[in-house]
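# Notes for the structure review
Spelled out, the chains give:
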Amino acid sequence: LRKEKNKKNTSYTVAHSFVLIWRSQTASFIGNLIIVFPLSYLLAYGHKYFFGHHLTSLAEAHQYLNNQNPLLVPAWWYACLTGVFLFLSALITGYVDNSVRFRNIPARVREHPLLRKFVKGTRRDKIAIYIDKNLGGFAGNLALGFFLGFAPLIGRSLGIPFDIRHITISTANFAFGLCGLDNKVPPIELVTVIIGVLGIGAFNFLVSFGLAFWVAVRSRGMSLRHYIPVIPLIFRYSLRYPFDFILAPRRARDLKKIYKELRTDAQQPTEAVA
């Protein structure tokens, strides 16, 4: 009975984890659309304005647009592969962050004999804090850079459809191509490329999110049959706090305020296992 109760309580934490992962992925997706495109377009336009010629040639501009067109290249398949790479880089980030804490790296930096001789205590503290907060992010971004950089090389070397389409890169390339053609793109092609870019972001999101959520569920000892009860819990959360799926609340949510049955369970005595 206690085991079943723990499984039930785990469903609530998994539902909350779903909201957290969804929010982080949504923030990345929206940020690319509302920041990367205008900045990239302004960069390309500014280059033309100050130097008198486009940042890209006509052939390159057409290629930039064609690379995001799902009717011409398997862009959405490449976006799924990129989603896997995004997940792996996030996994590496978490692993390094946990290793820093588990191996007590900040304290080692503070007490390192060589650093104690040449670096003041306040400076060592700043270095230790910086490592504690950022080493995982550096490792994850470095790994992602290698993943995204070597994927096209592997595809060309082996002659297989193995490439990447990242929402950030695709959005910037779309802006460069559009500006390089002076916005003179046939409406049908323009709409197709826009759908292609949105699809790239969606598949980046869905694959990386799905894998991250699967790991979160498996880490709590849940199997596929335990997924179904989580769905109505997520729906109830969305009815109570819909904006939590987009914006982080000022204070951490108390699950007992969202799910009243948790308060009832907490008041009941735990039954012994037979």
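Structural data are supplied above this passage.
The structure reproduced in this document is the subject of the present report. (Residues numbered from 1 in each chain as written. Predicted model: local features only at pLDDT ≥ 70, side-chain atom pairs only at ≥ 80, totals over all residues. Heavy atoms only, no water.)

Taking 1.5 Å of rise per residue, the 28 residues of helix α3 (residues 75–102) would be expected to cover 40 Å, and the 40 Å separating its terminal C-alpha atoms lies within 8% of that figure. Positive phi shows up at Asn104, right after α3, with a value of about 55 degrees. (Helix = DSSP H or I, 4+ residues; strand = E, 2+ residues; numbered from the N terminus. Expected span 1.5 Å × (residues − 1).)

Now for the environment of Val191. Here Val191 lies in helix α8 (residues 187–218). Taking the C-alpha atoms as reference points, Val191 and Val84, separated by 107 residues in sequence, lie 27 Å from one another.

Its identity as a non-glycine residue notwithstanding, Asn104 has a phi of 55 degrees, on the positive side. Its location among the elements puts Asn104 in the loop between α3 and α4 (105–111). Overall, Asn104 belongs to the partly exposed group, its relative accessible area being 43%. Here Asp182, not a glycine, exhibits a phi torsion of approximately 55 degrees, which is positive. (Buried < 20%, exposed > 50% of the residue type's maximum accessible area, 1.4 Å probe, protein only.)

Of note, Gly140 is situated in helix α6 (residues 121–158). Since its relative accessible area comes to 3%, Gly140 is described here as buried. Placed 44 residues apart in sequence, Gly140 and Val96 show a C-alpha to C-alpha distance of 8.3 Å. Those residues in contact with Gly140 that sit more than four places away from it in its chain are Ser89, Ile92 and Thr93. (Contact = heavy atoms within 4.5 Å.)

End to end, α6 covers 53 Å across 38 residues, agreeing with the expected 56 Å (1.5 Å per residue, within 8%). Of all the bends found along α6, the most pronounced is centred on Asn134 and spans about 50 degrees. What α6 keeps buried is the set Arg124, Ala128, Ile131, Gly136, Gly140, Ala143, Leu144, Leu148, Ala151, Pro152 and Gly155. If you follow the buried residues of α6, they end up packed against α3, α4 and α5 (113–118). After α6 finishes, the residue Gly159 shows a positive phi value of roughly 70 degrees. (Bend = angle between axes of the 7 residues up to and from the residue.)

Tyr237 and Tyr259 are the most contacted members of the largest nonpolar core, which totals 21 residues. Mapped by element, the contributors of at least two residues to this core are α1 (2–51), α8, α9 (230–240) and α10 (255–258). Ranked by residues supplied to this core, first place goes to α1 with six residues. Among residues more than four places away in sequence, those in contact with Tyr259 are Tyr12, Ala15, Leu233, Ile234, Arg236 and Tyr237. (Core = buried A, V, L, I, M, F, W, Y, C linked by side-chain atoms within 4.5 Å.)

Time to look at the environment of Trp77. For Trp77, the position within the fold is in helix α3. According to the relative accessible area criterion, Trp77 is partly exposed, its value standing at 43%. Between the C-alpha atom of Trp77 and that of Lys126, which follows or precedes it by 49 residues, the distance is 43 Å.

This part covers a positive patch on the surface. Taken together, the side chains of Arg240, Arg251, Lys257 and Lys260 make up a positively charged region of the molecular surface. Residue position: Arg240 is located in helix α9. (Patch = residues over 30% accessible without salt bridge, like charges linked within 9 Å, V, L, I, M, F, W, Y side chains within 5 Å. Areas by Shrake-Rupley, 256 points an atom, 1.4 Å probe, with all protein chains shown as cover. Salt bridge = Lys/Arg side-chain N within 4 Å of Asp/Glu carboxyl O. Lys, Arg positive; Asp, Glu negative; His and termini not counted. Charge placed at Lys NZ, Arg CZ, Asp CG, Glu CD.)

For the structure on display, the rule yields six salt bridges. With a closest N to O distance of 3.7 Å, Asp163 and Arg165 form a salt bridge. Each member of the pair, Asp163 as well as Arg165, carries the same accessibility label: buried.

Summed over the entire model, instances satisfying the criterion amount to 17 aromatic pairs. Seen from their ring centres, Phe85 and Phe162 are 6.1 Å apart, and the 75 degrees between their planes marks the pair as edge-to-face. With Phe85 in helix α3 and Phe162 in the loop between α6 and α7 (167–180), this residue pair connects regions lying 77 residues apart in the sequence. Assessed through its relative accessible area of 11%, Phe85 is described here as buried. By relative accessible area, which is 22% here, Phe162 ends up partly exposed. Taking 6.1 Å as the distance between ring centres and 85 degrees as the angle between the ring planes, the aromatic pair formed by Tyr237 and Phe245 counts as edge-to-face. Residue Tyr237 shares its accessibility class with Phe245, and that shared class is buried. A cation sits over an aromatic face here: Arg253 above Tyr241, 3.7 Å from the ring centre. (Phe/Tyr/Trp six-rings, centres within 6.5 Å; stacked < 30°, edge-to-face > 60°. Lys NZ or Arg CZ within 6 Å of the ring centre and 35° of its normal.)

Everything listed here is a matter of geometry and, on its own, says nothing about what the molecule does.
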